[in-house]
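Results of the structural survey
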Amino acid sequence: PYPGLAAFTEAEAEYFFGRELEVEEMWKKLQRPHLLGLIGPSGAGKSSFLRAGLLPAIPTGWRVLISTPSSQPLVSLARGLAKEVAGDEEAVQDLVRFEEPDVAVALFTHWRQRHEHTLLIVDQFEELFTLNPPEMRQRFADLLGRLALEADVHVLLSMREDFLGFCSEYESLKPLFSELTPLKPLTGGAVRRALVQPALKCGYRFEDESVVEEMVAEVGSERGALPMLAFAASRLWDHRDREQGQLTREAYEHIGGVSGALAQHAEATLEKIGQDRVPVVRELFRNLVTAQGTRAARDREDLLSVFEAERRDVAAQVLDTLIDARLLTSYEVPAEEDGAEPHHRVEIVHESLLKAWPRLVRWQTQDADSAQLRDQIRQAAQMWKERGQ
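Details of the overall build of the protein chain
Secondary structure summary: the protein chain contains 20 helices and ten strands in total. The C-alpha radius of gyration computed for the protein chain amounts to 22 Å, which stays within 12% of the reference 21 Å derived for 389 residues, consistent with globular compactness. The C-alpha extent of the protein chain, read off along each of the three principal axes, is 60 × 55 × 40 Å. Nonlocal contacts in the protein chain, meaning residues at least 24 apart in sequence, comprise 72% of its contacts between residues at least 6 apart. Here the protein chain displays about 18100 Å² of accessible surface, and carbon together with sulfur accounts for 49% of that area. Where the 45 positive side-chain charges of the protein chain centre and where its 63 negative ones centre are 2 Å apart.

Here's what the structure looks like:
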């Protein structure tokens, strides 16, 4: 019932508590303007809110498409639309030319006309700025503006609040600033509901109320509190008392409390990997973080290619251990969805790990200068490849 650092999905909506009022208010807002922004600090639970809160509450007559920019925003968007127009032979053929703005607008107009209302959600919108060169940022921003104005599609952009200023540089995104919805960290009773109700759904309860109070008090009003709390709850669930049907104080102390649970788990994973392989762990994380301190999804083979051939098998083993420990997450990109062979992408499970694991914080500080250069080289290489080398 607790996804830990991973976001809630639509399939886990029954365990998602504490945002009921915000979900209702957001659907009311979506009835009117065509370009809206959902902003909040890292760790506020924006992705969970969208996938496990907003989507399951979709009103009758609405159709929703959700996408994330990644390092290929147009490909990601076309991939999402492909599922919506599957079976329409003409539309499927036009998807090949999706990078042509007029074709993309026409395809979304066609999708819109098949439904009473349509909503395009672009989650983690900050990836447009952290993972893409200026030329792509402009093209994608212009397209989103046209989808709202010309295709009559409601567009909701969800992003970290510290990246909102980037949107002001694009004329097509300026309507956002009059239609912003802040998603603040959960507080008070909503936090307690998010903590207690998922366990109750499964027939479990906290051993005593003081454990809940301590967990809530430990994170206080910290901006990134929610993922830390969710991770601690997931660790508590792993150590639950099955005979008594309880989440116990003994288990809470064993995991190191809320603040200690994540760092303790990360360090225990490193110990399992072995001291001699810590440099491999550091190199993997170095290539999964941008210079702005955000996550970057990388293709598995690209990630492993930074290691010399004789070290690649070791790096692959370390990578799999980090994925098994849920510090990293891996997902498959099917061949038919982006014109390449099937491949896996890897990313850090949640940005809170970048702040809550002291060792990783230290690594980022030491690596700050080279991180900027690495991002610039990666973007230049991507553009070079897209332009036929």
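Details of helix α1 (residues 20–29)
If you check which residues of α1 are buried, you get Val 23, Met 26 and Trp 27. One side of α1 holds all its buried residues, which, seen down the axis, span an arc of 95°. The exposed set on the far side of α1, more than 90 degrees from its buried face, consists of Leu 21 and Lys 28. Check the buried side of α1 and you find it contacts β1 (35–40), α2 (46–54), β2 (62–67), β3 (117–122), β4 (154–160) and β5 (180–182).

Overview of the pattern of salt bridges
Scanning the model with the defined rule gives 23 salt bridges in all. Residue Glu 214 is joined to Arg 249 by a salt bridge in which the shortest nitrogen-to-oxygen separation is 2.8 Å. Pair noted here: Glu 214 is in helix α10 (residues 209–219) and Arg 249 is in helix α12 (residues 249–254), with a separation of 35 residues, a long-range link. Judged by its relative accessible area of 36%, Glu 214 is partly exposed. As a salt-bridge pair, Arg 286 and Asp 367 come within 3.2 Å of each other at their nearest N and O atoms. In this pair, Arg 286 is assigned in helix α14 (residues 278–286) and Asp 367 in the loop between α19 (358–366) and α20 (368–386), connecting sequence segments 81 residues apart. Among the charged side chains, a network of salt bridges with common partners joins Glu 283, Arg 286, Asp 367 and Arg 374.

About the thresholds
Every chain is numbered on its own, with residues counted from 1 as its sequence reads. The predicted origin of the model limits local features to residues at a pLDDT of at least 70 and limits the giving and counting of side-chain atom pairs to 80 or more, whereas totals for whole chains, interfaces and linings rest on all residues. Side-chain measures here rest on the full set of heavy atoms in the structure, leaving out hydrogens and waters. Helix numbers and strand numbers start at the N terminus; a helix is a DSSP run of H or I with at least 4 residues, a strand a run of E with at least 2. Radius of gyration here is computed from C-alpha atoms only, and the compact-globule reference equals 2.2 Å multiplied by the residue count raised to the power 0.38. When checking whether two residues touch, look at their non-hydrogen atoms; a contact exists if any pair is within 4.5 Å. For the area figures, the Shrake-Rupley method with a 1.4 Å probe applies, and any residue is considered shielded solely by the protein chains shown. In this tally Asp and Glu are treated as negative and Lys and Arg as positive; neither His nor the chain ends contributes. Charge coordinates come from a single atom per side chain, which is NZ of Lys, CZ of Arg, CG of Asp or CD of Glu. To sort residues, take the accessible area from a 1.4 Å probe on protein chains only and compare it with the maximum for the residue type: under 20% means buried, over 50% means exposed, and anything in between is partly exposed. Picture the helix axis, draw a direction to every C-beta atom, and the arc is the one those directions span. Here, a salt bridge means any Lys or Arg side-chain nitrogen found within 4 Å of an Asp or Glu carboxyl oxygen.

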